[in-house]
Amino acid sequence: MTAASSPASTPVTGSGEQSRAPGHGFSWAALLFLGPAGLLLAVFIVFPAIYTAFLSFNRGRGGEFSEWVGLDNWIRLFTQDPNFLRIGFPPSGALWNNVLWIIFFVSFTVLFGLIIAVMATRVKYEAWVKGIVFLPQAIAATSLAIIWRFVYSPDPNTGLLNAVLGIANVGPLSVLGNPATVNWALIAVGIWGSVGFATVILSAAIKGISSEVLEAARVDGATEPQIFWRIIVPMVSLPISVVAVTLLVGVIKLFDLIFVMTTGGPGASSRVIAFSMYQEAFPSGQFGYGAAIAVVMLLLLVPVMIFNIRRFRAEAVQQ
Amino acid sequence: MATVTFDHLYKRYGDDVVAVNDLNLEIGDGEFICLVGPSGCGKTTALRCAAGLEDISDGQLLIGDRVVNNVAPKDRDIAMVFQSYALYPHMTVYDNLAFGLKLRKLKKDEIDRRVKEGAAILGLEKFLDRKPRALSGGQRQRVALGRAIVREPSVFLMDEPLSNLDAKLRVQTRAEIARLHQRLGTTTIYVTHDQVEAMTMGDRIAVMRDGLLQQIGSPQELYDHPLNLFVAGFIGSPSMNFATATADGKNLVLGGVKLELTGQQAKAADSRTDGANVLIGFRPEHIELANGQESDAVRFPAKVEVVEYLGNEELVHAQTEGNEIVALLPSDKKVVVGDNVQFAIPMEKLHIFDPDTEKALAG
């Protein structure tokens, strides 16, 4: 990338065509300014990424670059490792769990964030509501995980969930010990921990909507749910996508919550990609295999990055 | 179409603030009425009560024969045009116009027909695929009007729809709204702070101040016979001159000058005890240069201080017995700064007000 071709660096005026700076070609001055940043990126991001990709074709045992194994790691990863991906009905494995996280964690966090933001703007104690919902953001993920381990504890004397279920004569249940429920229980904790982030950002966006637009919709005949779905949601679609992308990136890299609450268990049923990468590379010492999982993570992030870059370009043209 | 009736309507905020105070107003079917007054006078609040966007604290609001105090805005059969246009920014012009119709579950071809028809009336056909941000202020304003007319409501409510437009566009759109009203004949309540807009557009004008209705009448009634000092000063541009005079039998004394009155004006002076103060009011455009010929007029001397040339006319600022007055004179009169002139005001154009109650005594 050169300075002249970056849309962010060219001021765009009006709604007309994007004007390009003169001297679109190569320039030594541009190289001088971009050089230091480019060098840092190369050393700390580009080189490790390429090295990791390289490592994924090696055994890499003991951290040593020992033996070239070709596609062995990759074939094993996608066909012979049920802990990473088992295609069947229902599918399972770390990659599939991550898909569940992406779909349910991101969509429910955004949805609850939106609903709480819309409702909070209509009550007097808005600041309190938002403060309480935002509180989990201020707690370290590991502490949050420990709190919820207690909540989910099968012992009703420790576990809030089973204490409540006990009143209704249900249980005790071991939600974290059951492969059928463990992922849902973890996703619920994730939503609880992140909904405040979505609420705060979306609430600011909703406040930017002119009250006259909402009143116009009301006079036009819209009910409150129609106003929510047909006016508010489309008008805050950009902040929604910002929140969704941020959550998405976070969830592809998710590790700490799983590590503290279940260490991927029972068995390997609550593993996610980042946890598998850690598990294979470090405790199991298969660095080549771990590197292949890391490359999968990187590839999953590529579409998100392309989406982000496109959106920023579109915004730059609109302004 | 429908009548709209404000029946002893109150809108209070908390215990102290009365935004609309005992408003009584009957708006006829198809009438174009302007609510006018300075900012904070309660005109917009009254309109929002009519729209259902504010709760009514007391009294009743009727649209047609139906009391609508507790009817939701969407069920009042009204359409509103907002000051900021309030277009839906994520929808095209077509969808902006069609939104209200879709919500009413009209058939698709009926929606299409109405949108196209509305767009044709307002000259929006070319812009139907555009989003509001790609339109100019005047075009946005037309979309806002279009959104109201495609609904074919029984009442239009307009809240200062022209205040965000530049002066030239405002005059154009003013005429456009007037034409639209002639064509559709829909009952319209139009809120503005601009008395020129009110005078040019309204069948009747309701002047409000501090939540209270001051006077309601045709533009000419308000201009010729303002009921109080506020209406007299608010209606007309440039605004009316006021001066303090004292009663002396059937006449008035302004500084050292005796104003000889006749008719209604003489009776008003006679009703005051001698020596009591009254306020006299006269419009700049009713002042003439005295030539000794005019009968039934009051005359007083003035010294010209500033002359503002406007082309056909001149605004003459002059001092009369300690009062600064403004006169609008034809520019061929050749008045020059420093001139001592004699002003004459026809008797029937002289307004007399009680300085305490601010009510009109004559004129």
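Visitor: How do you make sense of the overall build of chain B when you look at a structure like this?
Guide: Secondary structure assignment for chain B yields 9 helices and 21 strands. Reported as C-alpha extents along the three principal axes, the dimensions of chain B are approximately 75 × 45 × 30 Å. A total of 363 residues make up chain B; the buried ones form 53% of that total. In the form shown here, chain B has an accessible surface area of approximately 16,000 Å², with 46% of it arising from carbon and sulfur atoms. Positive and negative side-chain charges of chain B, numbering 41 and 51 respectively, have mean locations separated by a distance of 10 Å.

Visitor: What exactly am I supposed to notice about the overall build of chain A here?
Guide: Secondary structure summary: chain A contains 13 helices and 0 strands in total. Each helix (α) and strand (β) of chain A, taken in turn from the N terminus, gives the series α-α-α-α-α-α-α-α-α-α-α-α-α. Across the 319 residues of chain A, 41% fall into the buried class. Counting every atom, chain A has about 17,400 Å² of accessible surface; 71% of that belongs to carbon and sulfur.

Visitor: What's the story with the packing of aromatic side chains in this structure? I'm lost.
Guide: Here the distance between the centres and the angle between the planes together describe a pair of aromatic rings. Residue and element names in this part refer to chain B. The tally for this structure, following the rule as stated, stands at 25 aromatic pairs over all chains. Taking the centre distance of 5.5 Å and the plane angle of 20° together, the rings of Phe 230 and Phe 234 count as stacked. Of this pair, Phe 230 and Phe 234 both sit in helix H8 (residues 229–234), 4 residues apart, roughly one helical turn. With respect to burial, Phe 230 and Phe 234 carry one shared label: buried. A ring pair is formed by Phe 242 and Phe 353, whose centres lie 5.9 Å apart and whose planes are at 65°; its orientation type is edge-to-face. Within this pair, whereas Phe 242 is found in strand E11 (residues 241–248), its partner Phe 353 is found in strand E20 (residues 351–353), the two being separated by 111 residues in sequence.

Visitor: Mind showing me how you'd approach the pattern of salt bridges here?
Guide: Proximity of charged atoms lets side chains of opposite charge pair with each other. Residue and element names in this part refer to chain B. Across all of its chains, the model carries 22 salt bridges over all chains by this definition. When the shortest N-O distance is used, the salt bridge between Lys 74 and Asp 75 registers 3.8 Å. A residue is classified by how much of its surface remains accessible, and Asp 75, at 40% relative accessible area, is partly exposed. Of the charged contacts, one joins Asp 95 and Lys 102 as a salt bridge, the two residues approaching to 3.3 Å between their closest N and O atoms.

Visitor: In this structure, what is going on with the nonpolar core? I would like to understand it.
Guide: Soluble globular proteins: nonpolar side chains tend toward being buried together. Within the largest apolar cluster, 107 residues are counted, with the highest numbers of intra-cluster contacts made by Phe 84, Trp 101, Ile 231 and Met 261 of chain A together with Phe 6, Leu 157 and Ile 189 of chain B. Among the elements that make up this core, the one with the highest residue count is helix H7 (residues 182–207) of chain A (11 residues). If we skip the residues at most four places from it in the chain, Trp 101 of chain A touches Val 106, Asn 183, Leu 186, Ile 187, Gly 190, Val 251, Leu 254, Leu 257, Ile 258 and Val 272 of chain A.

Visitor: What is the right way to read the side chain of Asp 194 of chain B from this model?
Guide: All names here are of chain B. With respect to the element layout, Asp 194 can be found in the loop between strand E8 (187–192) and helix H6 (195–201). Of the side chains bearing the opposite charge, Arg 170 lies closest to the buried Asp 194, which forms no salt bridge; the N-O distance is 4.4 Å. Those residues in contact with Asp 194, other than ones at most four positions away along the chain, are Val 36 and Arg 170.

Visitor: Hey, could you run me through the domain arrangement of chain B in this one?
Guide: Size of an interface: often given as the accessible area lost when the parts come together. Residues and elements named next belong to chain B. Domain assignment breaks chain B into domain 1 (4–234) and domain 2 (241–362). A straight line from the C-alpha centre of domain 1 to that of domain 2 covers 39 Å. Of the residues lining the interface, 10 residues belong to domain 1; the matching set on domain 2 comes to 10 residues. When domain 1 packs against domain 2, the two sides together hide about 880 Å² of surface, and 56% of this comes from carbon and sulfur. Ranking the residues of domain 1 by area buried against domain 2 places Tyr 223, Leu 229 and Ala 232 at the top, with a combined share of 61%. Between the two partners, domain 1 and domain 2, sit 1 salt bridge.

Visitor: For this particular structure, what's the right way to read the environment of Ala 178 of chain B?
Guide: Summarising the element assignment, Ala 178 of chain B is placed in helix H5 (residues 167–184). Through-space distance from the C-alpha of Ala 178 of chain B to that of Glu 313 of chain B is 28 Å; in sequence the pair is 135 residues apart.

Visitor: What is the right way to read the pairing of strand E3 (residues 32–36) of chain B from this model?
Guide: All names here are of chain B. With 5 of 5 residues buried, E3 is to be regarded as a mostly interior element. Of the two faces of E3, both are covered, the one formed by Phe 32, Cys 34 and Val 36 as well as the one formed by Ile 33 and Leu 35. Pairing of E3 with E8, which is carried by 5 bridges, proceeds in the parallel orientation. Paired with Val 36 across the bridge in E8 is Thr 192.

Visitor: Could you clarify how one ought to interpret the sheet that holds E20 of chain B in this entry?
Guide: Sheets are built from strands that pair by backbone hydrogen bonding, the pairs being arranged parallel or antiparallel. Residues and elements named next belong to chain B. The 6 strands lie next to each other as E13-E12-E11-E14-E20-E21, forming an open sheet whose pairing is antiparallel. Lying at the two open borders of the sheet, with one neighbouring strand each, are strand E13 (257–259) and strand E21 (360–362). Mean inter-strand twist for the sheet, computed between neighbouring axes without regard to direction, equals 40°. Its contacts with the sheet place helix H9 (residues 263–270) against E11, strand E12 (251–254), E20 and E21, and it is angled at close to 120° to E21.

Visitor: Explain the sheet that holds strand E9 (residues 204–209) of chain B to me, please; I cannot follow it from the model alone.
Guide: All names here are of chain B. Within the open sheet, the 6 strands sit side by side as E6-E7-E8-E3-E9-E10. Their pairing is mixed. Since the sheet does not close on itself, it has two edges, and those belong to strand E6 (78–81) and strand E10 (212–217), each with one partner. Mean inter-strand twist for the sheet, computed between neighbouring axes without regard to direction, equals 15°. Note that E6 and strand E7 (residues 155–159) share 4 bridges and pair parallel. Counterpart to Met 80 in the pairing with E7 is Leu 157. The sheet strands contacting helix H4 (residues 137–149) are E6 and E7, and the helix crosses E6 at an angle near 175°.

Visitor: Looking at this model, I keep getting lost on the interface of chain B and chain A. Mind explaining?
Guide: Taken residue by residue, the interface counts 24 residues in chain B and 18 residues in chain A. Carbon and sulfur atoms make up 61% of the surface buried where chain B meets chain A, a total of about 1,800 Å² over both sides. Together, Lys 74, His 90 and Leu 103 of chain B form the three largest contributors to the area buried by chain B at its contact with chain A, with a combined 29%. Taken together, the connections running from chain B to chain A amount to 2 salt bridges. Between Glu 215 of chain A and Arg 48 of chain B there is a salt bridge whose closest N-O contact spans 2.6 Å. Among the secondary structure elements, those contributing two or more residues to the side of chain B that touches chain A are E6 and helix H2 (93–103) of chain B.

Visitor: Please clarify how the environment of Trp 74 of chain A should be interpreted in this entry.
Guide: All names here are of chain A. Looking at the secondary structure, you find Trp 74 in helix H2 (residues 72–80). Each C-alpha atom of the pair Trp 74 and Gly 288 lies 9.8 Å from the other, and the pair is 214 residues apart in sequence. Ignoring anything within four residues of it in the chain, the contact list for Trp 74 reads Ser 56, Phe 57, Ala 292, Val 295 and Val 296.

Visitor: Teacher, can you tell me more about the confidence of the model for chain A here?
Guide: Close inspection of predicted coordinates is inappropriate for parts of the model with low pLDDT. All names here are of chain A. Of the residues in chain A, 89% reach a pLDDT of 70 or more, and the chain-wide mean stands at 84. Looking at the elements of chain A, mean pLDDT is at its lowest for H2, recorded as 83, and at its highest for helix H3 (residues 94–120), recorded as 93. Across residues 1–19, where pLDDT falls below 50, the model places 27 contacts with residues more than four positions away in sequence or in other chains.

Rules of the game
- Residues numbered from 1 in each chain as written.
- Chains lettered and ligands numbered in written order.
- Predicted model: local features only at pLDDT ≥ 70, side-chain atom pairs only at ≥ 80, totals over all residues.
- Heavy atoms only, no water.
- Helix = DSSP H or I, 4+ residues; strand = E, 2+ residues; numbered from the N terminus.
- Buried < 20%, exposed > 50% of the residue type's maximum accessible area, 1.4 Å probe, protein only.
- Areas by Shrake-Rupley, 256 points an atom, 1.4 Å probe, with all protein chains shown as cover.
- Lys, Arg positive; Asp, Glu negative; His and termini not counted.
- Charge placed at Lys NZ, Arg CZ, Asp CG, Glu CD.
- Phe/Tyr/Trp six-rings, centres within 6.5 Å; stacked < 30°, edge-to-face > 60°.
- Salt bridge = Lys/Arg side-chain N within 4 Å of Asp/Glu carboxyl O.
- Core = buried A, V, L, I, M, F, W, Y, C linked by side-chain atoms within 4.5 Å.
- Contact = heavy atoms within 4.5 Å.
- Domains from an automatic or database assignment.
- Buried area = accessible area lost by both parts, 1.4 Å probe.
- Pairing = 2+ DSSP bridges.
- Axes fitted to C-alpha atoms, helices over the stretch in contact; angles between N-to-C directions.
- pLDDT = per-residue confidence, 0-100.

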